[in-house]
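Close look at the chain arrangement
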Amino acid sequence: MSPRQRKTANGGPSLSPSRSVESDSDRADEVRSVIASALQPSLEERDVVKVNNASVTEMKHACDDALKRFLSRPELFKQIYTHTDIRLALGWASVFVAAGTALYGYRVEFEKSKPGVWAGLILYILLTTIQTLYAYLIEGDIVFVGKRKTFAKRIVTERITLSSTSTPSTSKSPPAHALSVSYVRSTSGGKSLLGRGREKAERGYNTFFDENGVMDQEGFERWVAELVGRVMEEKGE
């Protein structure tokens, strides 16, 4: 019998622990290779990102934009715009309803147009309310959703979601950028879970912005890459 196999109670072969360790090692090497490839210096000259470093909002938006640019690189993930598409669809629908209602009220006599105008007004309020609730309750702090597919004897789908917030400053620490990462790796159309992980981390904005408000984009990307690489290496539950 091969030293890598042993018999189970029903006589079937089972992988030994050494095979499992080897698989985990291969997975870790694969993740490190992907992250290292994404961190390779770009041949194109970067645009300087400069903000008002007294504004936490500006620094957060700059970090969120840098995160999207980094993670949407071809060797990493393809960005999914579902949340944006839904909010835009609801927004445009409310605009068309408002325009249609106004045009109807203009062309039809006031008394006759009342029911239609009221219906249009109620529909407009409903659509804008749904849009607001969707952005607040469902999309929340999510800034990036990405997916990628790889093929290694089977099609493997990886999905990653990142949310960001700003941690207020205290007497002992400056304001910080906080990231939350959720990762799922599956096959068979999501029916078979191969791995999942969650990580949280935060780093002071003064780590990424100098006294003039210029952003250290490479340093920020290394931090994001470290966090994403760690969550991608986690084993399935």
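Scoring rules and cut-offs
Residues numbered from 1 in each chain as written. Predicted model: local features only at pLDDT ≥ 70, side-chain atom pairs only at ≥ 80, totals over all residues. Heavy atoms only, no water. Helix = DSSP H or I, 4+ residues; strand = E, 2+ residues; numbered from the N terminus. Buried < 20%, exposed > 50% of the residue type's maximum accessible area, 1.4 Å probe, protein only. Contact = heavy atoms within 4.5 Å. Areas by Shrake-Rupley, 256 points an atom, 1.4 Å probe, with all protein chains shown as cover. Expected span 1.5 Å × (residues − 1). UniProt positions renumbered as here; feature names shortened; annotations may be inferred. Pairing = 2+ DSSP bridges. Axes fitted to C-alpha atoms, helices over the stretch in contact; angles between N-to-C directions. Left-handed = near helix turned anticlockwise from the far one by under 90°. Nonpolar A, V, L, I, M, F, W, Y, C, P; charged D, E, K, R; others polar. Phe/Tyr/Trp six-rings, centres within 6.5 Å; stacked < 30°, edge-to-face > 60°. Lys NZ or Arg CZ within 6 Å of the ring centre and 35° of its normal.

1. Looking at the overall build of the protein
On a plain count of helices and strands, the protein comes out with five helices and seven strands. Reading the protein from its N terminus to its C terminus gives the helix and strand order β-β-α-α-β-α-α-β-β-β-β-α. By the burial criterion, 33% of the 237 residues in the protein qualify as buried. Restricting the contact set of the protein to residue pairs at least 6 apart, pairs at least 24 apart contribute 61%. Surface summary for the protein: the accessible area is close to 15,200 Å², and the carbon and sulfur share equals 55%.

2. Regarding helix α3 (residues 82–107)
An ideal rise of 1.5 Å per residue puts 38 Å on 26 residues; α3 measures up with 37 Å between its terminal C-alpha atoms. All of the buried residues along α3 are His83, Leu90, Gly91, Ser94, Val97 and Thr101. Buried residues in α3 make contact with α4 (110–139) and β4 (142–151).

3. What about helix α2 (residues 56–71)?
With 16 residues, α2 extends 22 Å from end C-alpha to end C-alpha; this agrees with the ideal 22 Å at 1.5 Å per step. Listed as buried for α2 are Met59, Lys60, Ala62, Cys63, Asp64, Ala66, Leu67, Phe70 and Leu71.

4. A few points about the UniProt feature "transmembrane region" (unreviewed entry) in the protein
In the numbering used here, UniProt assigns the "transmembrane region" (unreviewed entry) feature to residues 88–106 and 118–138. Taken end to end, residues 118–138 has its terminal C-alpha atoms 29 Å apart, with 100% of it in helix and 0% in strand.

5. Details of the pairing of strand β7 (residues 192–204)
The sheet contact formed by strand β6 (residues 176–187) and β7 spans twelve bridges and is antiparallel. When the bridges of β7 are listed, Tyr183 appears paired with Gly197. Between β6 and the antiparallel strand that follows it, β7, lie four residues; Ser188 among them carries a positive phi value of about 60°.

6. With respect to the packing of α2 against helix α5 (residues 217–233)
Two numbers describe how α2 lies on α5: the axes approach to 10 Å, and their chain directions differ by 65°. Of the two elements, α2 crosses α5, and the hand of that crossing is right-handed. Taken together, the residues of α5 that come into contact with α2 (itself represented by Cys63, Ala66, Leu67, Arg69, Phe70 and Leu71) are Gln217, Phe220, Glu221, Val224, Ala225 and Val228. Of the residues in the contact of α2 with α5, the class split is nine nonpolar, one polar and two charged.

7. With respect to the packing of aromatic side chains
Taken as a whole, this structure holds five aromatic pairs when the rule is applied. Seen from their ring centres, Phe220 and Trp223 are 6.0 Å apart, and the 55° between their planes marks the pair as tilted. One end of the pair is Phe220 and the other is Trp223, both in helix α5 and three residues apart, which spans about a single turn. Classification of Phe220 as buried rests on a relative accessible area of 0%. Taken together, the ring pairs in this structure connect Phe208, Phe220 and Trp223 into an aromatic cluster. For the cation-ring pair, Arg148 lies above Phe77, with the distance from its terminal atom to the ring centre recorded as 6.0 Å.

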